[in-house]
Amino acid sequence: MHTKAFWPTPRRLGYHMNWIGLIAATVVCFWALVAVIGPMLSPYPPGEIVDFDYYGPISAKLWMGSDYLGRDIFSRVLMGARYTVGISLAAVCLACISGVVLGMTAAVVGGWLDTGLSRFLDALNSIPSKLFGLVMVAAIGSSIPVLIVLLGVIYTPGAYRFARALAVNINTMDFVTVARARGERTGYLVTREILPNITGPVLADLGLRFVFIVLLLSGLSFLGLGVQPPNADWGSLVRENIGGLPFGAPAVLMPSLAIASLTISVNLLIDNLPVKIRDRSE
């Protein structure tokens, strides 16, 4: 007699992911791992000149060729991952945490707090992100803490609007009305009633904003206002070696491919999230 397995399978748990999502998750995890341990695996110090020929080709000695000074691009891409992924992750966490907390609080409290926060953040959101970033970096100066705070501030209004829209819908449901009738305070309503019901969509939104921040950071670095020498993120590597583009030099192509692989993989991962994360109604 056949007996039915009593433990639930991943598909029954709702965490089944298709092969596109698995590949995307693998690429994202790879770059996250590189950001942590990549510099320890680099064959050469990032600033050391190891090739007497500039824009050298791919070889057994230089896996991604050399840059405009003869430095190993493979080592510099590994080091650049730490700045690109690290700064972007810190900034997106800052933006989403502040935006979600403010959005849920505004939805629950309402009144003048909701109106004032919404109008202020709408005004901030109306400023083009690249223009705002260029002006602030030019005025304050570029450093890693400044970049993290600046990128977090730029993307807080969008996270606020997204979280508030979700929280407003949840706030009208019966279980929130019952909790409010029991005399529960705003902190309880936000953390125990609203937040658990919007976590899935918020995580998906966090991934999307991470992509935007990576692209904006790379754009600022390409313009010379992002990560400053001797440090370099992927956008800085593209800017440094843009002169090799007519020659098809790996020095300019490899950092570009790194940016593309990370951003595309995060987008594909978001599109193929498991059902229980993607859809809060499951």
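Structural data are supplied above this passage.
We now turn to the structure provided with this report. (Residues numbered from 1 in each chain as written. Predicted model: local features only at pLDDT ≥ 70, side-chain atom pairs only at ≥ 80, totals over all residues. Heavy atoms only, no water.)

Oppositely charged side chains can form a pair if their charged atoms are brought close together. By the definition in use, this model includes 9 salt bridges. When the shortest N-O distance is used, the salt bridge between Arg119 and Asp122 registers 3.1 Å. You can see Arg119 and its partner Asp122 sitting in helix α4 (residues 111-125), 3 residues apart, about one turn around the helix. The closest approach of N and O atoms between Glu184 and Arg182, which form a salt bridge, is 3.3 Å. Note on Glu184: relative accessible area 27%, which makes it partly exposed. Bridged by salt links that share partners, the residues Asp67, Arg71, Arg76 and Glu240 form one connected network. (Salt bridge = Lys/Arg side-chain N within 4 Å of Asp/Glu carboxyl O. Helix = DSSP H or I, 4+ residues; strand = E, 2+ residues; numbered from the N terminus. Buried < 20%, exposed > 50% of the residue type's maximum accessible area, 1.4 Å probe, protein only.)

Our next topic: the nonpolar core. With 49 residues, the main nonpolar core has Trp31, Val77, Ile87, Leu151, Trp234 and Leu262 as its most contacted residues. Those elements that place two or more of their residues in this core are α2 (19-41), α3 (73-109), α5 (129-140), α6 (144-171), α8 (186-222), α9 (234-240) and α10 (250-271). Among the elements that line this core, the one with the most residues is α3, at 12 residues. The next biggest cluster of nonpolar side chains, apart from the first, holds 15 residues, and it includes Val100, Ala107, Ala163 and Ala167. (Core = buried A, V, L, I, M, F, W, Y, C linked by side-chain atoms within 4.5 Å.)

Under the defined criterion, the tally for this structure stands at 5 aromatic pairs. Ring geometry for Trp31 versus Trp234: centroids 4.8 Å apart, planes at 70 degrees, classification edge-to-face. One end of the pair, Trp31, is in helix α2; the other, Trp234, is in helix α9, and 203 residues separate them in sequence. On the accessibility criterion, Trp234 (0% relative accessible area) is buried. Taking 5.1 Å as the distance between ring centres and 50 degrees as the angle between the ring planes, the aromatic pair formed by Trp63 and Phe74 counts as tilted. On the criterion of sequence distance, the pair formed by Trp63 in the loop between α2 and α3 and Phe74 in helix α3 is long-range, its members being 11 residues apart. Judged by its relative accessible area of 56%, Trp63 falls in the exposed class. On the basis of relative accessible area, Phe74 is assigned to the buried category, the value being 16%. Grouped by ring-pair contacts, the aromatic residues Phe30, Trp31 and Trp234 constitute a single cluster. (Phe/Tyr/Trp six-rings, centres within 6.5 Å; stacked < 30°, edge-to-face > 60°.)

Next up on the list: the environment of Arg71. Secondary-structure assignment places Arg71 in the loop between α2 and α3. Residue Arg71 is classed as buried on the basis of its relative accessible area, which comes to 10%. Residues Arg71 and Leu131 lie 60 residues apart in sequence; the distance between their C-alpha atoms is 33 Å. Dropping the residues within four chain positions of it, Arg71 is found in contact with Pro46, Gly47, Glu48, Ile49, Val50, Gly65, Ser66, Arg76 and Glu240. (Contact = heavy atoms within 4.5 Å.)

Another point: the packing of α6 against α8. Closest axis-to-axis distance for the α6/α8 pair is 9 Å, and the angle between their directions is 150 degrees. In this view, α6 runs roughly antiparallel relative to α8, as classed from their interaxial angle. As for how α6 packs across α8, the hand of that crossing is right-handed. Listed contacts from α8 to Leu147, Leu151, Ile154, Tyr155, Gly158, Ala159, Phe162, Leu166, Ala167, Ile170 and Asn171 of α6 are Glu193, Ile194, Asn197, Ile198, Pro201, Val202, Asp205, Arg209, Phe212, Ile213, Leu216 and Leu217. Residue composition of the contact of α6 with α8, grouped by class: 17 nonpolar, 3 polar and 3 charged. (Axes fitted to C-alpha atoms, helices over the stretch in contact; angles between N-to-C directions. Parallel < 35°, antiparallel > 145°, perpendicular 65-115°, else oblique. Left-handed = near helix turned anticlockwise from the far one by under 90°. Nonpolar A, V, L, I, M, F, W, Y, C, P; charged D, E, K, R; others polar.)

Interpretation in functional terms is not warranted from these geometric data alone.
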